[in-house]
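# Structure at a glance
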Amino acid sequence: MKVGILGSGIVGRVLATAFISEGHEVMLGTRNISKTEVVKWQKANEPGRTGSFADTAKFGELLVLATAGSASEEVIRIAGVEHFANKVVIDATNPITAAPPTNGVLKFFTTLDDSLMERLQRLAPRAKFVKAFNSVGNDFMYKPSFRDGKPTMFICGNDDGAKKAVADILTAFGWETEDMGKAEGARAIEPLCILWCIPGFIRNQWSHAFKLLKM
Ligand SMILES: NC(=O)c1ccc[n+]([C@@H]2O[C@H](COP(=O)([O-])OP(=O)(O)OC[C@H]3O[C@@H](n4cnc5c(N)ncnc54)[C@H](OP(=O)(O)O)[C@@H]3O)[C@@H](O)[C@H]2O)c1
């Protein structure tokens, strides 16, 4: 499959490399393909390509949004809303503000009644957004190895077929998946990022992931 990754930060680069490892054709999207880390990623990840946000959105049959949360709506506009239509879009973003955390608790620019993914879904109504990968550090996104077993990725989105496609990708990436319903589920999944980061900020503990235990 052709996978377009919008975002050249560490998350975009890690997921781009992971999709290449799984045999997909990948383009990494950025405003600046000459950026040192983008050039370095491309050299280390042949035949992975790099391109503008618009080229990447056009290229991908499946898209991954891995931009700064505050820039994500702008990136979709720059990339061309029409290029998201009818595509599965994995949304790894978090609505984190620039303000510093309070006692390790990050600040969001959204409320508990309206998530970032719902905003993105309204901006690109024909896209099939699925929230995933937002509530774990990039070190553990691909084939994580925890002594207590496979971690759980909480996902949500309005399209069942898209969620099935993302669950299959998560299985290949070494995760179990828990479906948290429609796009509104992102109101609960996005803040898991805040929870995940607290042990990191208050005691430099960054090596963990969530797991849903069941009877
Ligand atoms: N870091 C993690 O481990 C982690 C884990 C889970 C989820 N997340 C979430 O994943 C997303 C990506 O995180 P990250 O740490 O990889 O990188 P990041 O620094 O949050 O975002 C970098 C990307 O955002 C783009 N960007 C930033 N400001 C922009 C603007 N004003 N206009 C257009 N594009 C802009 C950059 O564009 P250029 O390519 O042009 O520079 C780059 O592609 C975030 O929403 C974050 O909350 C991060």
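See above for the structure.
Residues numbered from 1 in each chain as written. Predicted model: local features only at pLDDT ≥ 70, side-chain atom pairs only at ≥ 80, totals over all residues. Heavy atoms only, no water.

Quick look at the sheet that holds strand β5 (residues 88-91) now. What the six strands build is an open sheet, ordered β3-β2-β1-β4-β5-β6; its pairing is parallel. Two strands lie at the open edges of the sheet, namely β3 (49-51) and β6 (128-131), each paired on one side alone. When strand polarity is set aside, the average angle formed by the axes of neighbouring strands in this sheet is 25 degrees. One ladder, built from four bridges, connects strand β4 (residues 62-65) with β5; its direction is parallel. Bridged to L65 within β5 is D91. Strand contacts of helix α1 (residues 10-21): β1 (2-6), β2 (25-29), β4 and β5, with the helix running at about 170 degrees to β2, the strand carrying the most contacts. (Pairing = 2+ DSSP bridges. Helix = DSSP H or I, 4+ residues; strand = E, 2+ residues; numbered from the N terminus. Axes fitted to C-alpha atoms, helices over the stretch in contact; angles between N-to-C directions. Contact = heavy atoms within 4.5 Å.)

Right, let's talk about the packing of aromatic side chains for a bit. As enumerated under the stated definition, the model contains six aromatic pairs in all. With a centroid separation of 5.9 Å and an interplanar angle of 50 degrees, the aromatic rings of F133 and F173 are classed as tilted. With F133 in the loop between β6 and β7 (152-155) and F173 in the loop between α6 (160-172) and β8 (176-179), this pair connects stretches of sequence that are 40 residues apart. Accessibility expressed as a relative area gives 1% for F133, which makes it buried. (Phe/Tyr/Trp six-rings, centres within 6.5 Å; stacked < 30°, edge-to-face > 60°. Buried < 20%, exposed > 50% of the residue type's maximum accessible area, 1.4 Å probe, protein only.)

What follows concerns the environment of I78. Locating I78 in the fold gives a position in helix α4 (residues 72-79). For I78 and A57, which are 21 residues apart along the polypeptide, the C-alpha to C-alpha distance reads 9.8 Å. Setting aside its immediate chain neighbours within four residues, I78 contacts F53 and A54.

Turning next to a nonpolar patch on the surface. On the surface, F201, I202 and W206 cluster together to form a nonpolar patch covering roughly 280 Å² of accessible area. In this structure, F201 sits in helix α8 (residues 192-203). Note on F201: relative accessible area 39%, which makes it partly exposed. (Patch = residues over 30% accessible without salt bridge, like charges linked within 9 Å, V, L, I, M, F, W, Y side chains within 5 Å. Areas by Shrake-Rupley, 256 points an atom, 1.4 Å probe, with all protein chains shown as cover. Salt bridge = Lys/Arg side-chain N within 4 Å of Asp/Glu carboxyl O.)

Time to look at the site of the ligand. Within the structure, the ligand sits among 25 residues, and S8, T30, K35, T67 and N138 are positioned closest to it. Interatomic distance of 3.1 Å between a backbone N/O atom of I10 and an oxygen atom of the ligand. The separation between an oxygen atom of the ligand and a polar main-chain atom of N94 is 3.1 Å. Taking 890 Å² as the accessible area of the ligand by itself, protein coverage stands at 74%. Judged by its atoms lying within 2 Å of the grid points, the ligand is housed in the largest pocket. (Near = heavy atom within 4 Å. Polar contact = N/O pair within 3.5 Å; in protein donor to acceptor, adjacent residues only side chain to side chain. 1 Å grid on protein atoms, 1.4 Å probe; cavity = no way out; pocket = protein on both sides within 12 Å on 5 of 7 lines; lining within 4 Å. Sits in = over half its atoms within 2 Å of the grid points.)

What follows concerns the pattern of salt bridges. Where charged atoms from two side chains of opposite charge approach closely, those side chains can pair. Throughout the structure, instances matching the rule amount to 14 salt bridges. Between E74 and R77 there is a salt bridge, with its nearest N and O atoms 3.7 Å apart. Within this pair, E74 and its partner R77 are both found in helix α4, separated by three residues, close to a single helical turn. With its nearest N and O atoms 3.2 Å apart, the salt bridge here joins K211 to E176. Remark: E176 occurs in strand β8 and K211 occurs in the segment after α8; sequence separation between them is 35 residues. You can call E176 partly exposed: its relative accessible area is 30%. Residues joined by salt bridges that share partners form a network here, namely D91, K131 and E190.

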